[in-house]
Amino acid sequence: MKIRLISVGNKMPNWVSEAYQNYQKRLTGSIQLELVEISLNKRGKNADIKRLMEKESQQMLAAIPPRYRVVCLDVKGKALSTENLASKLEGYEQQGENIVLFIGGPEGLSDNCLAKADEKWSLSAMTLPHPMVRVILAEQIYRAWSINTGHPYHR
């Protein structure tokens, strides 16, 4: 199964990139994790945020491969336990589905992206910094994979 993370923001601190890559490299066999970074448009004092978000959303939507299930990460989405995530990923894999996960920028995701979603998930009721979301998500995908494969990472 292929999982494509499409995330707004591309100039991440080294620790973010290293942490993400650590979990990405650990995934072997059945799950391939790919990151697509969408450039964050410059936000100035008088920036038209709605227009900037629309431009970013167009790029995000264009990065969806054909026949991929779209999942938006949104604070109003469904909260999943790690075991629920493992079950979902196992189901997608058994059905031969690939998924796209949208991670928004500082203002979240545009209405266009949210409307495209087959599902909406929440990592937390708290607002998380978008650079950390990719690390947390990669770790949780790895943890779910470890549950499904019997790997001892998740005890």
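Coordinates for the structure precede this section.
Residues numbered from 1 in each chain as written. Predicted model: local features only at pLDDT ≥ 70, side-chain atom pairs only at ≥ 80, totals over all residues. Heavy atoms only, no water.

To locate leftover empty space, one rolls a probe as large as a water molecule over the atoms. For the structure on display, the rule yields 1 cavity of 30 Å³ or more. Approximately 40 Å³ is the volume found for the largest cavity. Every residue along the wall of the largest cavity is listed here: Val 8, Met 53, Glu 56, Ser 57, Met 60, Gly 105, Gly 108, Leu 109, Ser 110 and Cys 113. The element contributing the most residues to the lining of the largest cavity is helix H2 (residues 49–62), with 4 residues. (1 Å grid on protein atoms, 1.4 Å probe; cavity = no way out; pocket = protein on both sides within 12 Å on 5 of 7 lines; lining within 4 Å. Points joined across faces, edges and corners; volume = space filled by probe spheres on them. Helix = DSSP H or I, 4+ residues; strand = E, 2+ residues; numbered from the N terminus.)

All chains considered together, the criterion is met by 8 salt bridges. For Arg 69, the salt bridge goes to Glu 119, with nearest N and O atoms at 2.9 Å. Taken together, the residues Arg 69 in strand S3 (residues 68–79) and Glu 119 in strand S5 (residues 119–122) connect sequence positions 50 residues apart. Residue Arg 69 is classed as partly exposed on the basis of its relative accessible area of 23%. Judged by its relative accessible area of 13%, Glu 119 is buried. Between Arg 143 and Glu 139 there is a salt bridge whose closest N-O contact spans 2.9 Å. On the criterion of helical spacing, the pair formed by Arg 143 and Glu 139 is a turn pair, its members being 4 residues apart in helix H5 (residues 130–149). The exposure class assigned to Glu 139 is buried, which follows from its relative accessible area of 11%. Three or more residues joined by partner-sharing salt bridges are found here, namely Arg 69, Lys 88, Glu 97 and Glu 119. (Salt bridge = Lys/Arg side-chain N within 4 Å of Asp/Glu carboxyl O. Buried < 20%, exposed > 50% of the residue type's maximum accessible area, 1.4 Å probe, protein only.)

By size, the foremost hydrophobic cluster in this structure holds 25 residues, and its most contacted members are Ile 3, Leu 5, Leu 89, Leu 101 and Ile 141. For this core, the element with the highest residue contribution is H5, accounting for 7 residues. If near-sequence neighbours (up to four positions away) are discounted, Leu 5 is found in contact with Tyr 20, Leu 33, Glu 34, Leu 35, Val 36, Leu 101, Ile 103, Arg 134, Leu 137 and Ile 141. (Core = buried A, V, L, I, M, F, W, Y, C linked by side-chain atoms within 4.5 Å. Contact = heavy atoms within 4.5 Å.)

Take the pairing of strand S2 (residues 32–38) next. Two strands pair when backbone bridges link them, and strand S1 (residues 2–8) and S2 are joined in this way by 7 bridges, in the parallel orientation. Within S2, the residue paired with Ile 3 across the bridge is Leu 33. (Pairing = 2+ DSSP bridges.)

What follows covers the layout of surface pockets. Approximately 400 Å³ is the volume attributed to the largest pocket. If you trace the largest pocket, you find 20 residues lining it, with Leu 73, Val 75, Gly 108, Thr 127 and Leu 128 closest to the centre. Those elements giving two or more residues to the lining of the largest pocket turn out to be S3, S5 and H5. In terms of residue count, S3 provides more of the lining of the largest pocket than any other element does, 3 residues in total. When grouped by side-chain class, the residues that make up the lining of the largest pocket number 11 nonpolar, 7 polar and 2 charged. (Nonpolar A, V, L, I, M, F, W, Y, C, P; charged D, E, K, R; others polar.)

Quick look at H2 now. The terminal C-alpha atoms of H2 lie 20 Å apart, and with 14 residues this matches the ideal 20 Å at 1.5 Å per residue to within 8%. Buried residues along H2 sit in contact with S1, S2, strand S4 (98–103) and helix H4 (111–116). (Expected span 1.5 Å × (residues − 1).)

A few words on the packing of helix H3 (residues 82–94) against H5. Where H3 meets H5, the axes come as close as 8 Å, and the angle between the chain directions of the two elements is 70°. When the axes of H3 and H5 are compared, the pair comes out roughly perpendicular. In contact with Thr 82, Leu 85, Ala 86, Leu 89 and Glu 90 of H3, H5 contributes Gln 140, Ile 141, Arg 143, Ala 144, Ile 147 and Asn 148. (Axes fitted to C-alpha atoms, helices over the stretch in contact; angles between N-to-C directions. Parallel < 35°, antiparallel > 145°, perpendicular 65-115°, else oblique.)

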